[in-house]
Amino acid sequence: MDTNRPSSGPALFGPRLAPASGRAPKALVVLLHGVGADGQDLIGMAPHWARYLPEAEFLAPDGPQPCDMAPYGRQWFSLQDRTPSVMEAGLQATLPIVNGFLDQVLAERGLTDADLALVGFSQGTMTSLYTALRRPRPCAAVVGYSGALLGAPTLARDIVSRPPVLLVHGEVDPVVPFPALAAAAQALRGAGVDVETLARPDLGHGIDPEGLVAGLDMLRRHLPQAVGGAA
């Protein structure tokens with residue numbers, strides 16, 4: 001693994017894992033971490049998936065802001081005030097940064113949104129969903145762990161793209177309550193998005209092996225160019 005540092009444009013840096021095939025990437029999986037973490041928190045998922053997605057490159061950028069609730073880590077937007085409208089305003093401010101990063105890394109590799117999957121955890125799921133649904137062209141898939149959907153009341157009006165979505169959530173999550181899964185799925189389906197859900201009994205705020213397998217299955221189905229000749 002090394003660090004992806006764009007030569008210009010939005011300053012989102014973080015660890016990366018090159019394609020296991022050793023060739024230029026045919027697909028890109030971007031992993032967005034939770035609040036108070038950084039790209040190192042999720043890049044550890046990449047080796048579990050890379051064997052089965054040998055033509056994919058994995059990027060795990062750090063959030064653009066220092067975490068304002070801890071002396072370490074990064075965030076995509078502030079959670080000091082968890083009023084939905086305030087959080088959405090924070091996401092709206094971050095959206096151009098995330099989009100700029102995605103546009104740049106795709107262009108650098110000669111790829112398009114059809115070759116892109118977004119994978120998020122917690123606040124990274126919120127950011128992945130908000131971004132993917134508003135990009136001019138749909139990405140291949142979104143996988144969201146332990147997250148929630150912001151902007152649901154106006155989604156039917158604001159939605160631009162409808163990529164397929166997988167949402168995975170622990171039933172005993174003490175951070176993002178489990179009912180957020182059903183609420184997100186209902187709003188997404190109401191806006192015409194194809195949604196799959198996986199509830200994980202006895203799982204708190206985290207990702208378990210079953211969730212990793214479900215995420216891999218989603219990526220293999222919707223990023224076939226990443227599979228190549230993998231077993």
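Below or above, wherever it landed, is the structure these notes cover. If you're wondering where the values come from, they're calculated on a predicted model, not measured in any experiment.

1. Some words on the pairing of strand S4 (residues 56-59)
- Neither face of S4 is exposed, since Ala56 and Phe58 on one face and Glu57 and Leu59 on the opposite face are all buried.
- Pairing of strand S2 (residues 14-17) with S4, which is carried by 2 bridges, proceeds in the antiparallel orientation. Paired with Arg16 across the two strands is Leu59, which belongs to S4.
- Inspection of the sheet shows strand S3 (residues 27-32) paired to S4 by 4 bridges, in the parallel sense. Residue pairing in the sheet places Val30 in a bridge with Leu59 of S4.

2. Observations regarding the packing of helix H3 (residues 84-109) against helix H4 (residues 123-132)
- Contact pair H3 / H4: the axes reach a minimum separation of 9 Å and the direction vectors enclose 70 degrees. As judged from the angle between their axes, H3 and H4 are roughly perpendicular. Between H3 and H4, the contacting residues are Glu88, Leu91, Gln92, Leu95, Val98, Asn99 and Leu102 on the first element and Met126, Thr127, Tyr130 and Thr131 on the second.
- Residues belonging to the contact of H3 with H4 are distributed by class as follows: 6 nonpolar, 4 polar and 1 charged.

3. As for unusual backbone geometry
- In this model, Ser146 sits at a positive phi of 50 degrees, which is unusual for a non-glycine residue.
- Summarising the element assignment, Ser146 is placed in the loop between strand S8 (141-145) and helix H5 (155-158).
- By relative accessible area, Ser146 is classed as buried at 1%.

Conventions adopted
Residues numbered from 1 in each chain as written. Predicted model: local features only at pLDDT ≥ 70, side-chain atom pairs only at ≥ 80, totals over all residues. Heavy atoms only, no water. Buried < 20%, exposed > 50% of the residue type's maximum accessible area, 1.4 Å probe, protein only. Helix = DSSP H or I, 4+ residues; strand = E, 2+ residues; numbered from the N terminus. Pairing = 2+ DSSP bridges. Axes fitted to C-alpha atoms, helices over the stretch in contact; angles between N-to-C directions. Parallel < 35°, antiparallel > 145°, perpendicular 65-115°, else oblique. Contact = heavy atoms within 4.5 Å. Nonpolar A, V, L, I, M, F, W, Y, C, P; charged D, E, K, R; others polar.

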